[in-house]
Amino acid sequence: MSSMPNPMVTVVNHPLAQHYLTGLRNHETEPAQFRRLSRNLTTLLVIEATRGLGIETGKIQTPLEETDGFSLSQSLAAVPILRAGLTMLEPVLELFPEVAVGYVGLERHHDTAVARSYYSKLPKLEGRFTLCLDPMLATGGSAAQAISSLKEAGAGTIVMVAVIAAPEGIQFLTQAHPDVQIVVAGIDRQLDDRKYILPGLGDFGDRLYGTM
Ligand code: PRP
Ligand code: URA
């Protein structure tokens, strides 16, 4: 695997992000705390992921004088990949109350790790800056499949927001969708034989919902 920096990948290495990520990795973290950490970390990731959102300038009046102001000029869409990605939606709704929301349901097969689609409901995505939300980018199969659906729904600019990525997943996704920016809190070493990320944090959905 190449060690050249990938210009499409941003690792959010803010100390607070790394603090939250470490809490998620710790096997002693219980679901309630795991959910809190996921939401907090997602807020930081989404702030970075929306750096390219369009803005427009205009004059505003402060209580003292006129000054230049900025406002968002581009609408946003967020699409969590069920089920684990659902926990990343709430922070997006907090930051961007007007966001349009779609859902893609994908589940990896136990033995093959190939993702099977079981649900999809997407708004029209033309002209919207679109966030695809899924905490784990392992083989990259789920993300690549979901992003193909987003493109079919008209999405132009798409940013993949994940908590942890494996190098294999980044490579797969950037080959499948070279135009998609990836924002993560960490890039881990490798996948194991069952296609879990090492060192990773285990099965995100199970830890989130206590379904171990
Ligand atoms: C997990 C995770 C991703 C996928 C990543 O979901 O949330 O969607 O695996 O793996 P990949 O990059 O190899 O496709 P899972 O299929 O376990 O479903 P769940 O969220 O319902 O638990
Ligand atoms: N899905 C997870 O939840 N964890 C992994 O390590 C890989 C896929």
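Reference entry: report on the structure contained in this document. All figures in this text were calculated on a predicted structure; none of them were measured in a lab.

### As for the nonpolar core
Okay, so step 1: Core analysis: the biggest nonpolar cluster contains 37 residues, and L41, V92, L131 and V163 have the highest contact counts within it.
Okay, so step 2: At the level of elements, α1 (15-25), α2 (31-49), β4 (76-82), α3 (89-95), β8 (129-133), β10 (158-161) and α6 (204-209) are the ones that each hand at least two residues to this core.
Okay, so step 3: The element contributing the most residues to this core is α2, with six residues.
Okay, so step 4: Those residues in contact with V92 that lie beyond four places of it in its chain are V46, L76, A78, V99, L131 and L133.
Okay, so step 5: Counting 27 residues, the second largest nonpolar core, distinct from the first, contains I81, I158, M160 and V184.

### Section: the site of ligand 2
Okay, so step 1: As a matter of local geometry, ligand 2 sits amid R108, M136, A138, K195, Y196, I197, G202, D203 and F204.
Okay, so step 2: Within the backbone of I197, a nitrogen or oxygen atom sits 2.8 Å from an oxygen atom of ligand 2.
Okay, so step 3: F204 is positioned with one of its backbone polar atoms (N or O) 2.8 Å from an oxygen atom of ligand 2.
Okay, so step 4: Here ligand 2 loses 90% of its free accessible area of 240 Å² to cover by the protein chains.
Okay, so step 5: The cavity that encloses ligand 2 is the largest pocket.
Okay, so step 6: Within the shell around ligand 2, the residues separate by chemical class into five nonpolar, one polar and three charged.

### A few points about the site of ligand 1
Okay, so step 1: Around ligand 1 sit 13 residues, and of these R108, D134, T139, G140 and S142 come closest.
Okay, so step 2: For ligand 1, an oxygen atom lies 2.7 Å from a polar atom in the backbone of R108.
Okay, so step 3: At a separation of 2.6 Å, an oxygen atom of ligand 1 approaches a polar side-chain atom of T139.
Okay, so step 4: Protein contact buries 92% of the 500 Å² of open area that ligand 1 shows by itself.
Okay, so step 5: Placement of ligand 1 is best described as lying within the largest pocket.
Okay, so step 6: Among the secondary structure elements, those contributing two or more residues to the shell around ligand 1 are β6 (103-108), β9 (136-137) and α4 (141-152).
Okay, so step 7: Tallying contributions element by element places β6 first for the shell around ligand 1, with three residues.
Okay, so step 8: Residue composition of the shell around ligand 1, by class: five nonpolar, four polar and four charged.

### Remarks on the pairing of strand β7 (residues 115-121)
Okay, so step 1: Relative to β7, β6 runs antiparallel, the two sharing six bridges. Note that in β7 the partner of V104 across the bridge is S120.
Okay, so step 2: Between β6 and β7, which pair antiparallel in sequence order, lie six residues; one of them, A113, sits at a positive phi of approximately 65°.

### Digging into unusual backbone geometry
Okay, so step 1: For the bond running from L82 to R83, omega is 5°, close enough to zero to count as cis.
Okay, so step 2: P199 follows L198 through a cis peptide bond whose omega is 0°.
Okay, so step 3: Along the chain, P199 turns up in the loop between β15 (197-198) and α6.
Okay, so step 4: Its identity is not glycine, yet A113 carries a phi of approximately 65°, on the positive side.
Okay, so step 5: Checked against the element boundaries, A113 lands in the loop between β6 and β7.
Okay, so step 6: Backbone geometry places K195, a non-glycine residue, at a positive phi of 70°.
Okay, so step 7: Along the chain, the position of K195 falls in the loop between β14 (190-191) and β15.

Rules used in this analysis
Residues numbered from 1 in each chain as written. Chains lettered and ligands numbered in written order. Predicted model: local features only at pLDDT ≥ 70, side-chain atom pairs only at ≥ 80, totals over all residues. Heavy atoms only, no water. Core = buried A, V, L, I, M, F, W, Y, C linked by side-chain atoms within 4.5 Å. Buried < 20%, exposed > 50% of the residue type's maximum accessible area, 1.4 Å probe, protein only. Helix = DSSP H or I, 4+ residues; strand = E, 2+ residues; numbered from the N terminus. Contact = heavy atoms within 4.5 Å. Near = heavy atom within 4 Å. Polar contact = N/O pair within 3.5 Å; in protein donor to acceptor, adjacent residues only side chain to side chain. Areas by Shrake-Rupley, 256 points an atom, 1.4 Å probe, with all protein chains shown as cover. 1 Å grid on protein atoms, 1.4 Å probe; cavity = no way out; pocket = protein on both sides within 12 Å on 5 of 7 lines; lining within 4 Å. Sits in = over half its atoms within 2 Å of the grid points. Nonpolar A, V, L, I, M, F, W, Y, C, P; charged D, E, K, R; others polar. Pairing = 2+ DSSP bridges.

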